[in-house]
Amino acid sequence: MEFYSFNKDNGKKITKFDSDFVMSRIVRTTNATHIGFMYLEPNGIIGHHQATMPQLLLVVSGEGHVRGESDEYFKVEPGTAIFWKKGEWHETKTAAGLTAIVIESEGLNPSAYMPLEHNE
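Residues numbered from 1 in each chain as written. Predicted model: local features only at pLDDT ≥ 70, side-chain atom pairs only at ≥ 80, totals over all residues. Heavy atoms only, no water.

(A) Molecular detail of the pairing of strand S10 (residues 89–93). Alignment of strand S5 (residues 45–50) against S10, held across 4 bridges, turns out to be antiparallel. For Gln50, the partnering residue across the bridge sits in S10 and is Trp89. Relative to S10, strand S7 (residues 64–67) runs antiparallel, the two sharing 3 bridges. If you follow His65 over to S10, its bridge partner there is Lys93. (Pairing = 2+ DSSP bridges. Helix = DSSP H or I, 4+ residues; strand = E, 2+ residues; numbered from the N terminus.)

Here is the structure:
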């Protein structure tokens, strides 16, 4: 399990075309990709299971906890990206509620675009 950051501080100021915004790059894919938005209500859970392919979870709002193969949980909040390799066991849970974008695709390489915060 690897933790990345896509918060504003890790973004790049874009001014091309008279633009004025910050872009935090996440991934680029060349393979078929599934992108979804997850809504976990208070006390919601994505049960402990193996990733069927590389998976990147981007926390957008709320907070919660994730774990990998061990029983140790790690707090996640907006701007946190969690990457699980294919076959890696993982779980996500929240007491207060959480929304997240999930990206699943073979060949995901988040370290090419986001700074690695730490891995477990």
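(B) Expanded view of the side chain of Thr99. For Thr99, the position within the fold is in strand S11 (residues 98–104). A polar atom in the side chain of Thr99 sits 2.5 Å from the side chain of Ser61. If we ignore the near neighbours within four places in the chain, the residues touching Thr99 are Phe37, Met38, Tyr39, Leu58, Val59, Val60 and Ser61. (Polar contact = N/O pair within 3.5 Å; in protein donor to acceptor, adjacent residues only side chain to side chain. Contact = heavy atoms within 4.5 Å.)

(C) Expanded view of the nonpolar core. Ranked by internal contacts, the top residues of the largest apolar core, which has 14 residues, are Met1, Phe3, Val66, Val76 and Ile82. Looking at this core, the elements that each hand over two or more residues are strand S6 (55–62), strand S8 (73–76), strand S9 (80–84) and S11. Here this core gets 3 residues from one element, more than from any other, and that element is S11. What Met1 contacts, discounting residues up to four positions off in sequence, is Val66, Arg67, Gly68, Phe74, Ile82, Phe83, Trp84, Glu88, Asn119 and Glu120. (Core = buried A, V, L, I, M, F, W, Y, C linked by side-chain atoms within 4.5 Å. Buried < 20%, exposed > 50% of the residue type's maximum accessible area, 1.4 Å probe, protein only.)

(D) Up close: the sheet that holds S7. A sheet is described by the order of its strands in space; here 4 strands give the open sequence S5-S10-S7-S8, paired in antiparallel fashion. The strands lining the two open edges of the sheet, one partner per strand, are S5 and S8. On average, each strand axis in the sheet is inclined to that of its neighbour by 15°, with strand direction left out of account. (Axes fitted to C-alpha atoms, helices over the stretch in contact; angles between N-to-C directions.)

(E) Region of interest: the pairing of S7. Where S7 and S8 come together, 4 bridges link them in antiparallel fashion. Note on S8: the bridge partner recorded for Val66 is Phe74. Counting the residues in the hairpin turn of S7 and S8 gives 5 residues.

(F) Region of interest: the pattern of salt bridges. Within the structure shown, the criterion is met by 6 salt bridges. The residue Glu2 makes a salt bridge to Lys85 at a minimum N-O spacing of 3.7 Å. On the criterion of sequence distance, the pair formed by Glu2 in strand S1 (residues 2–5) and Lys85 in the loop between S9 and S10 is long-range, its members being 83 residues apart. Here Glu2 falls in the buried class, since its relative accessible area comes to 15%. Measuring nitrogen to oxygen at the nearest pair gives 2.3 Å for the salt bridge that ties Asp20 to Lys13. For Asp20, a relative accessible area of 60% puts it in the exposed group. Members of the salt-bridge network, linked through shared partners, are Arg67, Asp71 and Glu91. (Salt bridge = Lys/Arg side-chain N within 4 Å of Asp/Glu carboxyl O.)

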